[in-house]
Amino acid sequence: MKALVYQGPGAKAVEDRPKPKIQEPGDAIVKMTKTTICGTDLHILKGDVPTCKPGRILGHEGVGVVDSVGEAVTQFKPGDKVLISCISSCGKCDYCRRGMYSHCRTGGWILGNEIDGTQAEYVRTPHADTSLYPLPDGVDEEALVMLSDILPTGFECGVLNGKVAPGSTVAIVGAGPIGLAALLTAQFYSPSQIIMIDLDDNRLGLARQFGATHTINSSDGKAAEAVMALTGNRGGVDTAIEAVGIPATFELCENIVAPGGVIANVGVHGHKVDLHLERLWSQNIAITTRLVDTVSTPMLLKTVISRKIDPKKLITHRFKLDDILAAYDTFGQAAKTQALKVIISP
């Protein structure tokens, strides 16, 4: 089968690989019908994720059709259409029982990281009964690809960790797919202001279409001042969501959060960040970090099926698996190509 393989920092290639086989009784083999590229895949290619070793098939998102199942799988059978969660969870260990599926003792974020992932014709998914979701008939498969990772990530790591509440003020730093996913799901809680901050005017325009009340282009270095002007005597925002993963954007969050507020880090950081406790120690600030657990996936699936939110709006480009290198080029040069999420099909 064809697969996109990580060959070390800065290197990737399409290779022919053997079709995966059942290794454990709880496994399923899924034939991929739609997958995508995540910003985390770009971080892997930069060498920011040391757990991902050269030779790994990348990808942790997608939908497909069950090809075969292990003897312990009871919830799925060959021919079932399924959503693949980016997080594999056994459902039984101490972390899973606490709802921390991302730290599952035998799972977590392993697809496209510690085991071969979804950017291939087939993928082996461990713990199939608790890591796959059945797809209802007639739903848009492309929209549901957004439920593998970015929608629950934006919601859980940004909105829930950030304690977004009715009437609160929110700033999202980074108008990429994750930031926009946080924007879409923050509206569940009716905040009074959602301020989107980015360097790209095209993405800021999309943010306004998706529900941002204000947008700020931070290229002039005055984003913090602009946020202060918008929030008046509150002295910043109640929730600052970091959705990029570089030191400058985290520091911006430190500069715009109001006393008693929350900085919710979502971005994947490959380099150290300065924490300005000399300024924040007395401000009652909470800083949260999280790897998505996907506990919200069933709820989000219902909201998408009922058309309360439409994550398909995040899709800008479509490619065949044969052209996945072009898809990476397009996704990796988003400022030039105006790419958000790309869909890759067989």
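> For helix H1 (residues 39–46), give the residues involved together with the corresponding values.
Since the α-helix turns once every 3.6 residues, residues separated by three or four places project in the same direction. Among all positions in H1, only Thr40, Asp41, His43, Ile44 and Leu45 are buried. In the core, the buried residues of H1 are packed alongside strand E1 (2–8), strand E2 (11–16), strand E3 (28–36) and helix H12 (324–332). Gly47, located one to two residues past H1, shows a positive phi value of around 90°.

> Tell me about the pattern of salt bridges, and please be specific about residues and values.
The final tally for this structure, using the stated rule, is 14 salt bridges. Measuring nitrogen to oxygen at the nearest pair gives 3.4 Å for the salt bridge that ties Lys341 to Glu61. Pair noted here: Lys341 is in strand E15 (residues 341–345) and Glu61 is in the loop between H1 and strand E4 (62–69), with a separation of 280 residues, a long-range link. The pair Lys341 / Glu61 is uniform in exposure class, with both members buried. One salt bridge connects Asp274 with Lys272, and the closest N-O pair in it is separated by 3.8 Å. By relative accessible area, which is 43% here, Asp274 ends up partly exposed. Taking relative accessible area as the criterion, Lys272 reaches 71% and is therefore assigned exposed. Each of Asp140, Glu142, Lys312 and Arg318 takes part in salt bridges that share partners, so that together they form one network.

> Let's hear about the pairing of E2: which residues, and what values?
Here six bridges tie E1 to E2, and the two strands are oriented antiparallel to one another. Within the sheet, the bridge partner assigned to Gly8 lies in E2 and is Ala11. The hairpin turn running from E1 into E2, its antiparallel successor, is two residues long, and Gly10 in that turn takes a positive phi close to 80°.

Cut-off values and rules
- Residues numbered from 1 in each chain as written.
- Predicted model: local features only at pLDDT ≥ 70, side-chain atom pairs only at ≥ 80, totals over all residues.
- Heavy atoms only, no water.
- Buried < 20%, exposed > 50% of the residue type's maximum accessible area, 1.4 Å probe, protein only.
- Helix = DSSP H or I, 4+ residues; strand = E, 2+ residues; numbered from the N terminus.
- Contact = heavy atoms within 4.5 Å.
- Salt bridge = Lys/Arg side-chain N within 4 Å of Asp/Glu carboxyl O.
- Pairing = 2+ DSSP bridges.

Function-wise, these values are silent; they only describe arrangement.
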